[in-house]
Amino acid sequence: MTAPHIYVTRSLPGNSLSALHSNELPAVESPPDTPEPPSRAELLSGVAGAEAVLSMVTDRIDAEFLEAAGPQLKIVANMGVGYDNIDLHAAAQRAVTITNTPGVLDDAVADLTMGLLLGSVRRIAEADRFIRSGTAWTWGPRDFVGLDVSAGAVLGIVGLGRIGMAVARRAQAFGMRILATGSRATSEEARALGVVPSTLDDLLPHIDVLSLHCPLDPSTRHLISAAQMQSMRPGSWLINTARGPLVDEEALADALENGHLAGAGLDVHEFEPQVNERLMALDQVVLLPHIGSAGDATRHRMATLAARNIAEVLAGRGPLTPVAL
Ligand code: DGY
């Protein structure tokens, strides 16, 4: 029996590929340890003849990629909970199993969300830049005043799923009141946290901070656009650790420049890895390079779960965390 070709598109942390080094499966060669993702040409040549792919959320997995792989391809295991980089229709047509990594990154993303939220509304990044500018300063009663989240500020969570709930638990501990949309907004746990279930249109005028936690698909692209921003309270904030295209960034820049919104914290960007230049010019915007899941243990768990999905499928068993096609 010839060894199956498993294509791993990026170098992964530590020994996270150990699930693939079993008796049933051959050792997998890790890709070169480069900071850059593979080019499109490298992806298409790398996947040729593969039976399994361990892909990243930055790899575009479409009909062309699946064709380049060939008919023996059984599984694409995406290292991420999001899978908007994958054309599910093209995968279904070729009977390729798709898996993601739900459940192992909720806390890491929720921690980062709270960090970004506090960093934005308490102006931490802006104050850090101020210190580094070398400007002379003393303590001042009106300097760097931001939003007191613990005085009952209202958080709107769009998409109260696993990650949204982890954010709700943290926000509640910080003393925030919470309105939320999404599958778990009416659950027992949400009720216990004092979450008030809502719709997007109903919650926007009543919140101080909006935090997005829904998947990106054609129905959620530009979910937050000029009209939604206009419905938000003057002086409110937008936090996005989900997917960039949920937000119309030009409309966001307008709402920030004209002072309707007080600020924003963005871990993800509409045209990633490009960052909107108008947003970059604004001091009230905190910008991060998509690091929501970048906790050491979390990244290891994500890679391991993706590898285990491949091991299961190549061994003829069902995947652990399949995406419905
Ligand atoms: C995910 O899991 O979808 C994240 O965005 C990757 O860090």
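Just so it is clear, the model here is predicted, and its values are computed rather than measured. (Residues numbered from 1 in each chain as written. Predicted model: local features only at pLDDT ≥ 70, side-chain atom pairs only at ≥ 80, totals over all residues.)

A. Quick look at the pairing of strand β3 (residues 75-79). Among the 5 residues in β3, 5 count as buried, and that is most of the element. Of the two faces of β3, the one lined by Ile75, Ala77 and Met79 and the one lined by Val76 and Asn78 are each fully buried. For the crossover that starts at strand β2 (residues 52-56), traverses helix α2 (residues 63-69) and ends in the parallel β3, the hand is right-handed. By the bridge criterion, 3 bridges tie β3 to strand β4 (residues 97-99) in an arrangement that is parallel. Considered in β4, the bridge of isoleucine 75 is made with threonine 97. With respect to chirality, the unit in which β3 leads through helix α3 (residues 88-93) into the neighbouring parallel β4 is right-handed. (Buried ≥ 20, exposed ≤ 12 C-beta atoms within 10 Å, placed from the backbone. Helix = DSSP H or I, 4+ residues; strand = E, 2+ residues; numbered from the N terminus. Right-handed = clockwise from strand over helix to strand, strands pointing away. Pairing = 2+ DSSP bridges.)

B. Up close: unusual backbone geometry. Geometrically, the link from glutamate 272 to proline 273 is a cis peptide bond, its omega value of 5° lying close to zero. Structurally, proline 273 is set in the loop between β10 (261-266) and α11 (277-280). With phi around 60°, arginine 123 is a residue other than glycine that occupies positive phi space. Here arginine 123 shows up in the loop between α4 (106-121) and α5 (124-132). Owing to 22 C-beta atoms within 10 Å, arginine 123 belongs among the buried residues under this scheme. Non-glycine residue histidine 222 carries a positive phi angle of around 55°. Inspection of the secondary structure assignment puts histidine 222 in the loop between β8 (209-212) and α9 (226-231).

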